[in-house]
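Coordinate inspection notes
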Amino acid sequence: MANEEDDPVIQEIKPKQQKVELEMAIDTLNPNYCRSKGEQIALNVDGACADETSTYSSKLMDKQTFCSSQTTSNTSRYAAALYRQGELHLTPLHGILQLRPSFSYLDKADAKHREREAANEAGDSSQDEAEDDVKQITVRFSRPESEQARQRRVQSYEFLQKKHAEEAWVHLHYYGLKDSRSEHERQYLLCPGSSGVENTELVKSPSEYLLMLMPPSQEEEKDKPVAPSNVLSMAQLRTLPLADQIKILMKNVKVMPFANLMSLLGPSIDSVAVLRGIQKVAMLVQGNWVVKSDILYPKDSSSPHSGVPAEVLCRGRDFVMWKFTQSRWVVRKEVATVTKLCAEDVKDFLEHMAVVRINKGWEFILPYDGEFIKKHPDVVQRQHMLWTGIQAKLEKVYNLVKETMPKKSDAQSGPAGLVSGDQRIQVAKTKAQQNHVLLERELQRRKEQLRTPVVLPGVRIKEEPVSEEGEDDDEEEEPMDTSPSGGLHSRLANGLPPGRAVGTDSFNGHPPPGCTSTPVARELRAFVEATFQRQFVLTLSELKRLFNLHLASLPPGHTLFSGISDRMLQDTVLAAGCKQILVPFPPQTAASPDEQKVFALWESGDMSDQHRQVLLEIFSKNYRVRRNMIQSRLTQECGEDLSKQEVDKVLKDCCVSYGGMWYLKGTVQS
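Residues numbered from 1 in each chain as written. Predicted model: local features only at pLDDT ≥ 70, side-chain atom pairs only at ≥ 80, totals over all residues. Heavy atoms only, no water.

**Re the sheet that holds strand 14 (residues 598-601)**
Spatial strand order, 12-14-13: three strands in an open sheet with antiparallel pairing. With partners counted over all chains shown, the strands left at the sheet margins are strand 12 (537-539) and strand 13 (578-581), one partner each. Averaged over all pairs of adjacent strands, the angle between their axes in this sheet comes to 30°, without regard to strand direction. Across the face of the sheet, helix 23 (residues 540-552) comes into contact with strand 12 and strand 14 while running at roughly 90° to strand 12. (Pairing = 2+ DSSP bridges. Helix = DSSP H or I, 4+ residues; strand = E, 2+ residues; numbered from the N terminus. Axes fitted to C-alpha atoms, helices over the stretch in contact; angles between N-to-C directions. Contact = heavy atoms within 4.5 Å.)

Okay, here's the thing in structure tokens:
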């Protein structure tokens, strides 16, 4: 500036090298000042006797010290701004200090307290000693201080603190905001040039000028951690390589479908590259990806509960993951018995990938992802081979050969523990071919039985109307597709390809209404009752999805693999005490026919049956309802003493809220 020579620099304070302390007086006459507290603090710091070394000579805390701290390592990005008469004046900053209260007087009070205690103890001990007690003393002569010792002493914390305490205070005079001196100093923040010719630096675009004003900080970028430990920033995560992104995400989430992983990584990421990266840090379980054990438990780590080394923890967690490839349910006691690990370690394994169900065990946390299995058969095959190797290792370590290996014939030789993976696959193929032949014969036999009309006494056969296209009355009903897709669960109805697993019971694959004597009907009835006890309202589409997941957890050759049609499933639902709710869907709905068929448990035997029945009657006439309408109808039907908790419970069991309205579960179209 033009008048820069008239304002010489008196003193320059460098915040990076020096520490600034500011001592300010406290107004002890202010009504907000607590005088008793001030006297107590002064007494604790200086004691009863005041001298020249006292911190508070007035025997009252009448001052407060503020100590500076550095706010940022790079101040080149900051400026002081002053707005005046439509102009913004910016002044670059070379240092920023933050003043915080210093509580060094508390340290002095603690030191005084320790001195008094030491003096009291010394006085007590001196009374017990004899007056003529002679003690031997050792005299030592100090050696000359070397240069290295002097350098260490000068750089020590005690020396710096002592030197800092010996520094003399500089008295300052405070000028108020409206003082003439303050106004004069504030003028230095204004640029004296007013013509546009002198501002040659501003002949740039706004973006270029902002880049000059706030250049990217190289130092701050280096200080950023490579990967967050407990808080995961997606913006920072996407600056890392793809492999590190996948590893960090899987390590934090533990279990994730492939579709969710792709949505987190962004639409520009190649799915093939993600597939290559995910297989390095995770394993495929029921179509979902579970992080590998060695990622969670590195080589030199140990259990925080039992101190077991990482190798044993990885082996136990691999056993849990392998169990979930065989079934959707795992029992914790069985895992603890096999792995010989403590209950806390086993619970940690299960909490990574499962949720506990009362009186049932631990269920895998995510549903079976058949879409991924069907879309990536090569990845599924590769993961199946990896699991075969892990299974062989677990069988050898935990002595599971008799439980997991197929029985050998007497002609086969060699110990069970030395059976190769190829031999295991060959045995499985042979067994599948045998089951296929048996099922083909059974299928032909039952088809022949269906061609012969059978009249049973006392049984009424429901007559189905003939369609306008003139379909044959004897045409068989298309069975519901209940076989999961390929991969680890590619049983395909115990060896039959899709479309061949037709019903095996009479009357088009399912028993007459009300008949529960067959094993298939009993198993299906048990599944339906258990499902509606957990979820009171289900659409046919959701019920079929849950049934497919149930089939995936069953062993090969189970009776339910014989083929279950849609009609048989619906009849079983109605026979189990459920009712179909005819929800009036809007004409422009995008729901499929199966999604428009809504079934609800009418009576469960609890106190909420009446509330639920009133709610279902409301939705039989309305597609969506407001809460106040439900509240008033329940109060009208069930009495005035209906509590808010009871209303919340029935809404939680049967409905979902979306956009301020309430819908039956499964019927909302977002």
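**Things to note about the pairing of strand 16 (residues 661-664)**
Taking every second residue as pointing to the same face, both faces of strand 16 are buried, with Met661 and Tyr663 on one and Trp662 and Leu664 on the other. Two elements, strand 15 (residues 655-658) and strand 16, share four bridges in a ladder whose sense is antiparallel. Of the residues in strand 16, the one forming a bridge with Ser657 is Trp662. (Buried < 20%, exposed > 50% of the residue type's maximum accessible area, 1.4 Å probe, protein only.)

**Here we look at the sheet that holds strand 10 (residues 354-357)**
Within the open sheet, the three strands sit side by side as 9-11-10. Their pairing is antiparallel. Only two strands of the sheet have a single partner each, and these edge strands are strand 9 (329-330) and strand 10. Bridge count between strand 10 and strand 11 (residues 361-364): four bridges; the pairing is antiparallel. Bridge assignment links Val356 to a residue of strand 11, and that residue is Trp362.

**Considerations on helix 23**
Here helix 23 spans 18 Å end to end across 13 residues, near enough to the 18 Å set by a 1.5 Å rise per residue. For helix 23, the complete set of buried residues consists of Leu540, Leu543, Lys544, Leu546, Phe547, Leu549, Leu551 and Ala552. On its buried side, helix 23 packs onto helix 22 (519-534), strand 12, helix 24 (566-575), helix 25 (593-596) and strand 14. (Expected span 1.5 Å × (residues − 1).)

**Some thoughts on the confidence of the model for the protein chain**
Low pLDDT means the predicted coordinates in that region are not meant to be read closely. On average, residues of the protein chain carry a pLDDT of 75, and 76% of them reach 70 or more. Contacts of residues 402-419 to residues separated by more than four positions or lying in other chains number 16 contacts, the stretch itself having pLDDT below 50. (pLDDT = per-residue confidence, 0-100.)

**Description of a nonpolar patch on the surface**
On the surface, a nonpolar cluster with roughly 330 Å² of combined accessible area is contributed by Tyr83, Leu88 and Leu90. Tracing the sequence through the fold places Leu90 in strand 4 (residues 87-92). (Patch = residues over 30% accessible without salt bridge, like charges linked within 9 Å, V, L, I, M, F, W, Y side chains within 5 Å. Areas by Shrake-Rupley, 256 points an atom, 1.4 Å probe, with all protein chains shown as cover. Salt bridge = Lys/Arg side-chain N within 4 Å of Asp/Glu carboxyl O.)

**Some remarks on the pattern of salt bridges**
Summed over the entire model, instances satisfying the criterion amount to 16 salt bridges. A salt bridge links Glu363 to Arg328; the shortest N-O distance between them is 3.6 Å. Of the two residues, Glu363 is situated in strand 11 and Arg328 in the loop between helix 13 (310-326) and strand 9; the sequence distance between them amounts to 35 residues. In this pair, the class of Glu363 matches that of Arg328, namely buried. Here Lys544 and Asp566 are joined by a salt bridge, their closest N and O atoms 3.5 Å apart. Of this pair, Lys544 sits in helix 23 while Asp566 sits in helix 24, and the two are 22 residues apart along the sequence. With respect to burial, Lys544 and Asp566 carry one shared label: buried. One salt-bridge network, held together by shared partners, links Arg328, Arg357 and Glu363.

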